[in-house]
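Structure assessment
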Amino acid sequence: MAATGARRPVTVEAELDQPLSRWLWLVKWILLIPHFVVLFFLWLAFFVVTVIAFFAILFTARYPRPLFDFNTGVLRWSWRVAFYSTSAFATDRYPPFSLGPEPDYPARLEVDYPGRLSRGLVLVKWWLLAIPHYIVVAFLAGSSGGEERWFAYTGLIGVLAFFAIIAKAFTDTYPRGLFDLLVGLNRWVLRVTVYAALMTDAYPPFRLDQGGREPEPTP
């Protein structure tokens with residue numbers, strides 16, 4: 001587990017975009033069809049890359065950097081699509097078709113490259129150690145955090161995002177407190193996804209860090 005005060009291995013940040021259309025959310029699922037097609041194949045590749053990385057870590061204690069960068073890119077892409085749609089409906093800016101960082105987009109994700117990883121942990125962290133988090137993620141996202149999570153939410157996050165966009169539609173105001181909560185819940189799911197994908201040995205905290213910015217590390 002990461003030491004207290006250490007730099008966090010996963011950075012998930014977002015900004016509530018203004019202005020937001022009251023009704024664009026009704027057709028976003030149609031607009032995102034090209035992304036859904038691409039993400040389907042990207043997540044298949046993500047799974048294959050993770051299996052390859054498993055054996056690489058087991059024998060070399062390292063996650064090959066090109067594979068790590070690819071999986072980080074898939075997570076970035078997925079987070080932007082999710083933020084645009086059913087994870088928050090908090091921007092009307094169409095997500096770019098990009099695996100790289102997009103600093104001007106209101107939803108951003110970075111994962112620190114770990115260097116060396118534990119050969120022993122790679123055998124158990126993605127299933128045994130992560131079980132408590134999988135239970136939480138299943139409640140939040142309606143799934144275990146796999147590739148299907150980026151296409152539709154059936155859990156708490158989807159319900160709250162729907163309430164937020166309905167409030168926007170009828171009052172022209174997106175509840176700020178609800179936005180902060182949604183980003184915090186998505187941050188939790190993404191931290192677990194990174195851990196389960198073997199990209200860090202730092203165990204995800206059982207803590208809801210709300211708001212668009214990552215909290216400062218405690219000294």
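One can find the structure itself at the top, above this paragraph.
**As for the packing of helix 3 (residues 65-84) against helix 7 (residues 176-196)**
As a packed pair, helix 3 and helix 7 sit with axes 12 Å apart at the nearest point and diverge in direction by 155°. By the angle class used here, helix 3 and helix 7 are roughly antiparallel. As helix 3 packs across helix 7, the resulting crossing turns out to be right-handed. Only Phe179, Asn186, Leu190, Thr193 and Val194 of helix 7 make contact with helix 3, whose side of the interface consists of Leu75, Trp79 and Phe83.

**Regarding the nonpolar core**
Of all hydrophobic cores here, the largest spans 57 residues; its most connected members are Tyr63, Trp79, Phe83, Tyr174, Phe179, Leu182 and Met199. Those elements that provide at least two residues to this core are strand 1 (10-14), helix 2 (33-60), helix 3, strand 2 (107-111), helix 5 (131-141), helix 6 (156-171) and helix 7. Among the elements that take part in this core, helix 7 stands out by supplying ten residues, more than any other. Setting aside residues no more than four positions away along its own chain, Tyr174 makes contact with Leu16, Leu20, Ala88, Phe89, Ala90, Ala164, Lys168, Phe179 and Leu182.

**Focus on the packing of aromatic side chains**
Scanning the entire structure with this criterion turns up 18 aromatic pairs. Between the aromatic rings of Phe83 and Phe179, the centroid separation amounts to 6.1 Å while the plane-to-plane angle is 75°, which identifies the pairing as edge-to-face. In this pair, Phe83 is assigned in helix 3 and Phe179 in helix 7, connecting sequence segments 96 residues apart. The buried category is assigned to Phe83, whose relative accessible area is 0%. The buried category is assigned to Phe179, whose relative accessible area is 0%. Measuring from centroid to centroid gives 6.4 Å for Phe162 and Phe163, while their planes differ by 45°, and the two rings are tilted.

**Points about the packing of helix 2 against helix 3**
Following both chains from N to C, one finds helix 2 and helix 3 inclined at 145°, their axes separated by 10 Å at the closest point. In the packing of helix 2 onto helix 3, the handedness of the crossing is left-handed. When helix 2 is examined against helix 3, the residues His35, Phe36, Val38, Leu39, Leu42, Trp43, Ala45, Phe46, Val49, Thr50 and Ile52 are found in contact with a partner set consisting of Leu67, Phe70, Asn71, Val74, Leu75, Trp77, Ser78 and Val81.

**Some points on helix 5**
Of all the residues in helix 5, the buried ones are His133, Val137, Leu140 and Ala141. Angularly, the buried residues of helix 5 cover 70° about the axis, an arc narrow enough to put them on a single face. Exposed positions of helix 5 whose direction lies more than 90 degrees from the buried face are Ile135 and Phe139. Buried-residue contacts for helix 5 involve helix 6 and helix 7. Of the residues flanking the end of helix 5, it is Gly142, one or two places downstream, whose phi is positive at about 75°.

Calculation criteria
- Residues numbered from 1 in each chain as written.
- Predicted model: local features only at pLDDT ≥ 70, side-chain atom pairs only at ≥ 80, totals over all residues.
- Heavy atoms only, no water.
- Axes fitted to C-alpha atoms, helices over the stretch in contact; angles between N-to-C directions.
- Helix = DSSP H or I, 4+ residues; strand = E, 2+ residues; numbered from the N terminus.
- Parallel < 35°, antiparallel > 145°, perpendicular 65-115°, else oblique.
- Left-handed = near helix turned anticlockwise from the far one by under 90°.
- Contact = heavy atoms within 4.5 Å.
- Core = buried A, V, L, I, M, F, W, Y, C linked by side-chain atoms within 4.5 Å.
- Buried < 20%, exposed > 50% of the residue type's maximum accessible area, 1.4 Å probe, protein only.
- Phe/Tyr/Trp six-rings, centres within 6.5 Å; stacked < 30°, edge-to-face > 60°.
- Arc of directions from axis to C-beta.

In short, geometric facts, not functional conclusions.
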